[in-house]
Structures are given as structure tokens and as C-alpha cells.
Amino acid sequence: MTNSLLFGIATFSYFFAMVIYVSYLAFRSEALGKAASLTMLGGVVLETAAIGMRWYESYQMGIGRAPLTNLYESLVFFAWMIAVIYLVLERKFKIRTVGAFVAPFPFLLMAYASLNPNDIQPLVPALKSNWLISHVVSCFIGYAAFAVSFGVSILYFFKVWHEMRSTKPAGSFWDALPSSSALDEIGYKTIAIGFPLLTIGIVTGAFWANVAWGAYWSWDPKETWSLIVWLIYAAYLHARITRGWRGKRAAVLSIVGFAATMFCYLGVNLILSGLHSYGSAF
Amino acid sequence: MSDAERLKNAKTDGKDWVSKIWGFLTSLKLVIILLLILSALLIAGTVIEQNKSLQEYYRFYQPGTVDLFSKLGLFDMYHSWWFVACLSLLALNITACTMDRYRGIMAGMQKKDLILDEKLSKSLQNITTIRYALPLDVVENKMLECTGNGFSGKPLVTATEDGSRHYFFEKGKYSRLAFFMTHLSILIIFLGAIAGSFFGYKGNVNIFEGEAVSQLETRAEKIQHLNFQVRCNTFHAEFYPSGAPMDYRSDLSIVQNGKEVLRKTIRVNDPLTFEGVTFYQSSYGALPEKVSIEVVNRDGSVKGSVTAPFNRRIYIPGMPDKVEAVDYQEHFQLPDGTDGGQAISVNLYPAKGNPVGLWLLLNHPKYDKERGGDYYLRVSDLKLKKYTGLQVNNDPGEILVWLGSILLIAGIMIALFLSHKKLWISLRTDKEGKSELNIGGTANKNRDTFAREMEHIIQNLKEVS
Ligand code: HEM
């Protein structure tokens, strides 16, 4: 099917984007940097086409549904969202060197997605809901923002570590990265984008559950974990806004928050059991 | 120590005590600690599966651990007193913080310090002074143009005795209220959840096609009467060729005083609500209404037959034995694990001896022959009655939950993206006859963004000529 082919090529683009971003960090030639951004953008364009194609093909098969309802589709959407958010931030904050640390995510997610069944299955009744679609979209924009914040926070630690022991003349590998305070700021900004979207995701999810099952909150593991993630980032925001936590402590919370996010997304399905395991609803 | 002194000490002690508690409740450390503790408890609640039967727990844990966990309430954590206490502490914490900040926030919205004087200048960073060789009026016009982009709306103008003019611009004053929106919305959601659990109910009810019910059993195992009847006209289940479910739908009628007042086909994700009670498609099934059983001799000749209604012992005509149909399975599991199809469970009461329970399989008429005995039974006809399984929910607190959710989202977005910005500009003619412009500003949040905006405005002002 065309969509799988397009997804495959997009995966390769993300791979090359990753390689070029890393080479850019190493050699810092302007041309390489441009090539990296363009390759990433190419990946996004291809993947956009792939998602659109998948949607269209579902209609051709007489199923007709948004491509956002199983693990494969959520993984590729997640990859797409990270790439988009990253490219926007790269333009806005001029942080191309960060690319080497963010570009692996879309590639790895796509690669992991390709290990999962990707045929277009018709939907079981519980999943036929527009609330589900808004739920998935807002959750994954949130997750993607947290992923970028995570990448930037890791980078923050490298940068601080380098700034502390750096006695070498300027121009070394690490000097190409944005300053630690800029990284700290971006780490916060991305969470400030992700938090409201996660909130919307949780609320629309509750609304969907209420329409489908007559209970907006039933403490199933997936719901509970989304609340855990939400509480951790709420703690992050309070620590930052009211107690002035910046730098290392904020970066630690961002990393912990993203670990919880990933557990909520994958760990709950793989390790814990619940209503949500993809495809077994109703 | 005199009595008076003691009394005085006691009083101040008491006051200390109150202010300590207040300090604790409004402490911002408590917020962070509470949020992280709640996260940790919730993690425990997902790792230890909740509300399973004790037998299942015994399979996973040591008996001692089961006793300990069940005493601690870890198996029904979300209803344990300590979890509820944590949530209550959070609610108290939010209430106290809101009260504590009320005055400050209201004061922050008042217009004061309209003039960029020395005292104010000291509290602001980056006061910039620009001198022009232009007349004051021209500078004023240009200045209003430059600031117009960021601060639409008229500034407050004050003229002072020394001939200078002071301009005060502000934007996003009401974003300060976002604090109330976010935090009170959480209390509203809590309130909605509490109202729902005290005044609402949830339950399940199965309705046979063509039948109606006017009561149901709630999850709290109480009988709930409805002011109306719900009738299931028909139920349909459709499947994809792969066998996966495609659609479940029930055609329901609401009947009041013998009249149909509402009719709707409900599906998963499309329930029906009447007088605050909502009915959700949740399951379905079928129970036999009547089953015809043939009594067959071992040589294959039919000895007799009987049509048995469910759950009633009746005589097999011409024989001293009785049968009773008691159970039905859509997918009977054969001893080798395969699906044996539809099956009826029958109790056979011989005239002499003990009753026997046996399964009769529709697809395997000779299944019962293996039991041995003079004769065996087989099903010759089966009439099923379909039923639809509805989840029923009455939740008077729901509306508060959604109201709170909307306020929460709006509040968070306003809090994170908007800020209250203030800009002061003063104009005067200096000793040398030049026009002098002083500019300074603050924002209560997102200061880096605001600093960039200020830079932009100052840059534009510097380019005025
Ligand atoms: C899970 C619950 C909570 C959520 C989602 C939440 C959300 C937020 C958000 C989004 C902000 C930024 C608002 C702003 O800057 O105006 C904030 C600030 C704040 N929150 Fe909370 N909050 C929660 C619980 C609490 C609690 C329990 C307290 C009680 C002490 C509290 C006290 C504060 C304070 C003092 C600020 C700072 C406001 C400022 O300085 O502008 N929050 N909260």
C-alpha cells in the first residue's frame, strides 16, 4: 500500500536528518546545517503525505477512519509531532545544534512503529468517536512537547558539565550549543506548550469515556498514569513559577516527567493491564 | 509568673499555632511535595491491581503481605481514608493559597504608580533614556505610534508641575485572575465528583427485546426505581467479516404513564438521556426462552419429547423423569479447548436416584450419549430471547466537572501564555532644550519575552528622527 511505502521513505529521511544533524554538530558547516533542517522537513512532508494517504486508503477500503487509533498509528503520529514541534522551535530560537539530540526520536519511533502491525483495521464500536480523535491529537502534541523538553534538558546537563570544567579556548564541540540558560528557557517553554495540551487531552479523554461507558473517571491504569504525568508537570510549573527552580532541578523534573510520560504511553500497555490496551476496547 | 502573664503567653502561643498551620497550608513547598506524594501514591495504585478478589491477591502475594495490604487499604486505595485525606489536604492547600493571594492579586490589578518617578525607576530594570532634537509634540506622536503595536489602547496621561508628561500603558491586567481560574476550577471538579458520588448512582440493567424495566440494581447493590419505563424494542449486533464487532445498537423507548415519550436508537458512544438518567450500550446477550428436548433411545429411535420453559422442572411425557433447563452458553468450551457452539445446561431428575447435571450441545446431538444410561437427550429446537445490556448513570455532579474542566484549561492557558505588562514613558524638555524620553516597563510573568518586546519598542524609538 502506498501509505506504508511513504512511511518507509519518511523513516529514511528522519534517519538521514539525524546523521546530518550530528555531522553538523561535529563540523558546524552552515551548509550541513541547512541540509539537516531540509532533510528533517522533507521527512515531515513525506510523513504528512503518508498519514493523509493512509486516511484516504481507509476510505477506499470502505472503512473510513482517522489514522489515530492503534499503536502503529499513534507511534507515527508521535514521531511526526516531535519533528514538527522541533522544526518550529529551531526556527524560532535558532537552535539547530539541538537537532542532533532531538532528531533521533522521530527516527527511533518510526523504526519501532515499523515492528508493529500496520494494516488498516476497521474500528470496534467504542473507538468510533470524535472525542477520541481530539483526545489522541491533544495528548500527542503534549507528549511531543515533553519529548522535546526532555531532549533539551539532557542537553542542558551536558552543557552545564562542559561550562563547569571548560578551560579550553572557545570553539570546541560544546560551544556550538546554545547557552545553558537558553536551553533552560526552551525546556520550560516546551513544557508550557505541553501542559495545557495534556490537560485538554485528559479532559477530552474523560469526556469520551463518559459518552462511551458512562463514567468519566474510573481509575484504570492509563487514566491514573496520565494524572501522574499531569501532577509531575504541575509540580514542575509550581517549582519554577513560585519557587524559582531553574537549571538543574528543573531539568531533573523535566526528565522525570518525560519518563512518566513514556510509561503512560507504552509502559502501561506493555507492563500493566487495563481498559486501554489498544484494540481491545468494548 | 502571674496569671495575667500566663494568659498572655497562652494567647500568643495560640496565635503562633494558628499562624503555623496557616503557614503550612499556604506554603508553596507543600504544593510541590503534595503533588509529588500524590503521584507516588497513584503509582502504587497502578502497580498493585485494585479491587480484585482476595483469591487473586493470594495468588500474587504472600499471605502476610495480603493481610497487611488489605489492612492498609492498598487494594481499594482510591477509597481509603488516607488517599481521600491527601486529596482533602490538596483542596485545603488550594483554598488557603487562594485566600492568601486574594489581596495581592486584587492589588496588582489596581492602577497605581502612574508616573515614572525616581522611586519607581529604582524598582525597574533597564530604564532607558533617549534624547531627540525634535519638539515634544512630535516626539509624543511618534512615541504613540511606536507603542501602538504592543499596547493598543490609550495610555493614562498625567502632567506634572515641572512640565513633564507621563504615560502609563498596560495590557493583560485580567490575566492575573487566571490564578483563581486554575485553582478554583480544581475545587469545582472535586465538588462535582463529590456531588456525583453522594447524590448519583451507577448501575446495569439487562432488558429483553420487547420488554421494559422501571428499576435497576445499582453498583451499591440497591434497587433504584425510575420515574419511567425503558423498553428495548430491538437489539442488533453487527460484525465485520473478520468477526470483530462493528456496531451494537438498541432501539429504546421511554414510556411514562403508558405513553411513549421518547424513542432513540443508542449505540456505543451515543447514549440516551432522560430526566438526568443516561443509558449506555454496554453489553448484550441472549437467554433461552424455551427449549425442545428429545429423549432418544440408545438405538436412535425417539422415545419422547418435551418443550421446557426455562428454570421449571417438568415431566417428560410418558416418563417418570423430570427435566429442567437451567443455563445457556453461546460458546461452550469442549474438553479439548475448542468451541462447541451453543449449549444448554439441563438438570435431569430421574424417578429414582440422584439428579444429574448435563450439557446438551446443539451442534453435537450425540454429545449426551457418552454419559451412558438407557437413553440420552438432545436439543431439537431452541428459542432464544435477546437482551441488551445497558449501563445506567445518574450524575448530578457531572456538569460541575465539565464546567471546572473548561475553567481549568482556560485558566492554564491564560496563566502560561499571557501576562500583565506595564509600560511607563515620560517626556520632558531638558535643560538644553532637547526632548527627553524615559521608558521602563515590567511584566508579572514571561519576563524574557517581555524584555524582547521592550527592546523592540526601544529600538523603534531610537530610530525616530
Ligand atoms: C493539581 C493542582 C494544581 C494545578 C494544576 C495548578 C496550576 C497552576 C498553574 C497553571 C499556575 C500558573 C498560574 C499563574 O502563574 O498565574 C499555578 C501557579 C500557582 N499555584 Fe497552582 N496549581 C495546582 C495546585 C496548587 C496548590 C495546591 C496551590 C496551593 C498552595 C497552588 C498555588 C499556586 C501559586 C501560589 C501559584 C503562583 C501564582 C503566581 O505567582 O503567579 N497551586 N498553578
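Everything quoted here is computed from the prediction, not taken from an experiment.

*Asks:* Even after reading the chapter, I still don't get the coordination of the iron atom of the ligand, so can you show me in this structure?
*Replies:* In an ideal tetrahedron of four donors about a metal, each angle is 109.5 degrees. In an ideal octahedron of six donors, the angles are 90 or 180 degrees. Around the iron atom of the ligand, the donor atoms from the protein are A:His238 (NE2) and B:His183 (NE2), and they sit 1.8 Å away. Geometry at the iron atom of the ligand is octahedral, judged from the six donor atoms that bind it and their angles of 86 to 180 degrees at the metal. Taken together, the residues A:His238 in helix α8 (residues 221-243) and B:His183 in helix α8 (residues 178-199) connect one chain to another. The class for A:His238 is partly exposed, based on a relative accessible area of 22%.

*Asks:* Honestly, the site of the ligand in this entry has me stumped. Any pointers?
*Replies:* Close contacts around the ligand come from 18 residues, with A:His238, B:Val31, B:Cys97, B:Arg101 and B:His183 the closest. Near the ligand, residues from chains A and B are present, making the site a shared one. Contact distances for the ligand include 2.7 Å between a nitrogen atom and a side-chain N or O atom of A:His238. At 3.4 Å from an oxygen atom of the ligand is found a side-chain nitrogen or oxygen belonging to B:Lys445. Those elements that provide at least two residues to the shell around the ligand are α8 of chain A together with α2 (28-47), α5 (81-109) and α8 of chain B. It is α5(B) that provides the largest number of residues to the shell around the ligand, a total of five residues. Residue composition of the shell around the ligand, by class: 11 nonpolar, five polar and two charged.

*Asks:* Sorry if this is basic, but what is going on with the sheet that holds strand β13 (residues 322-329) of chain B here?
*Replies:* The strands that make up a sheet are held in pairs by hydrogen bonds between backbone atoms, and each pair lies either parallel or antiparallel. All names here are of chain B. Taking strand neighbours across the sheet as the criterion, the four strands line up as β12-β13-β14-β15 in an open arrangement whose pairing is antiparallel. Strand pairing shows two members of the sheet lacking a second neighbour, β12 (314-315) and β15 (356-361), which therefore form its edges. The pairing of strand β14 (residues 343-349) with β15 spans six bridges and is classified as antiparallel. Within β15, the position partnered with Ser-345 by the bridge is Trp-359.

*Asks:* Sorry, what's going on with the confidence of the model for chain B here?
*Replies:* When pLDDT is low, close inspection of the predicted coordinates is not appropriate. The predicted model of chain B averages 85 in pLDDT, with 97% of residues at 70 or higher. ipTM for the predicted complex: 0.88, alongside a pTM of 0.84.

*Asks:* Where do I start with the pairing of strand β17 (residues 421-429) of chain B in this structure?
*Replies:* The two faces of the sheet receive side chains in turn, since in a regular strand these alternate between them. Residue and element names in this part refer to chain B. Counting buried positions along β17 yields seven of nine residues, so the element is predominantly enclosed. Two elements, strand β3 (residues 165-171) and β17, share seven bridges in a ladder whose sense is antiparallel. In the strand pairing of β17, Lys-171 is matched with Lys-421. Where β17 lies against strand β18 (residues 435-443), nine bridges are found, and the strand directions are antiparallel. By the bridge assignment for β18, Trp-424 is matched with Gly-440. Linking β17 back to β18 in an antiparallel pair, the connection comprises five residues, with Gly-433 at a positive phi of about 85 degrees.

*Asks:* Which parts of the structure should I look at to understand α8(B)?
*Replies:* Owing to its 3.6 residues per turn, the α-helix brings residues three or four apart onto one side. Under the 1.5 Å per step criterion, the end-to-end length of α8(B) is 31 Å for 22 residues, consistent within 8% with the ideal 32 Å. Within α8(B), burial applies to B:Ala178, B:Phe179, B:Phe180, B:Thr182, B:His183, B:Ser185, B:Ile186, B:Leu187, B:Ile188, B:Gly192, B:Ala195 and B:Gly196. Of the surrounding elements, those touching the buried residues of α8(B) are α8 of chain A together with α5 and α9 (398-417) of chain B.

*Asks:* Mind showing me how you'd approach the interface of chain B and chain A here?
*Replies:* The partner chain A presents 48 residues to the 49 residues of chain B that form the contact. A buried area of about 4,100 Å², summed over both sides, lies between chain B and chain A, and 72% of it is on carbon and sulfur atoms. At the boundary of chain B and chain A, one finds zero salt bridges. Our count for the contact surface shared by chain B and chain A stands at 13 residue pairs in polar contact (both at pLDDT 80 or more). Elements with a minimum of two residues in the side of chain B that touches chain A: α2, α8, β7 (245-256), β10 (277-297), β16 (375-394), α9 and α10 (447-462) of chain B. When residues of the side of chain B that touches chain A are assigned to their parent elements, the largest contribution, 12 residues, is made by α2(B). When the residues that make up the side of chain B that touches chain A are grouped by side-chain class, the tally is 27 nonpolar, 13 polar and nine charged.

Procedures and definitions
Residues numbered from 1 in each chain as written. Chains lettered and ligands numbered in written order. Predicted model: local features only at pLDDT ≥ 70, side-chain atom pairs only at ≥ 80, totals over all residues. Heavy atoms only, no water. Donors = N, O, S within 2.8 Å, 3.2 Å for Na, K, Ca; no water. Tetrahedral: all angles 85-135°; square planar, octahedral: opposite > 155°, others 65-115°. Helix = DSSP H or I, 4+ residues; strand = E, 2+ residues; numbered from the N terminus. Buried < 20%, exposed > 50% of the residue type's maximum accessible area, 1.4 Å probe, protein only. Near = heavy atom within 4 Å. Polar contact = N/O pair within 3.5 Å; in protein donor to acceptor, adjacent residues only side chain to side chain. Nonpolar A, V, L, I, M, F, W, Y, C, P; charged D, E, K, R; others polar. Pairing = 2+ DSSP bridges. pLDDT = per-residue confidence, 0-100. Expected span 1.5 Å × (residues − 1). Contact = heavy atoms within 4.5 Å. Buried area = accessible area lost by both parts, 1.4 Å probe. Salt bridge = Lys/Arg side-chain N within 4 Å of Asp/Glu carboxyl O.

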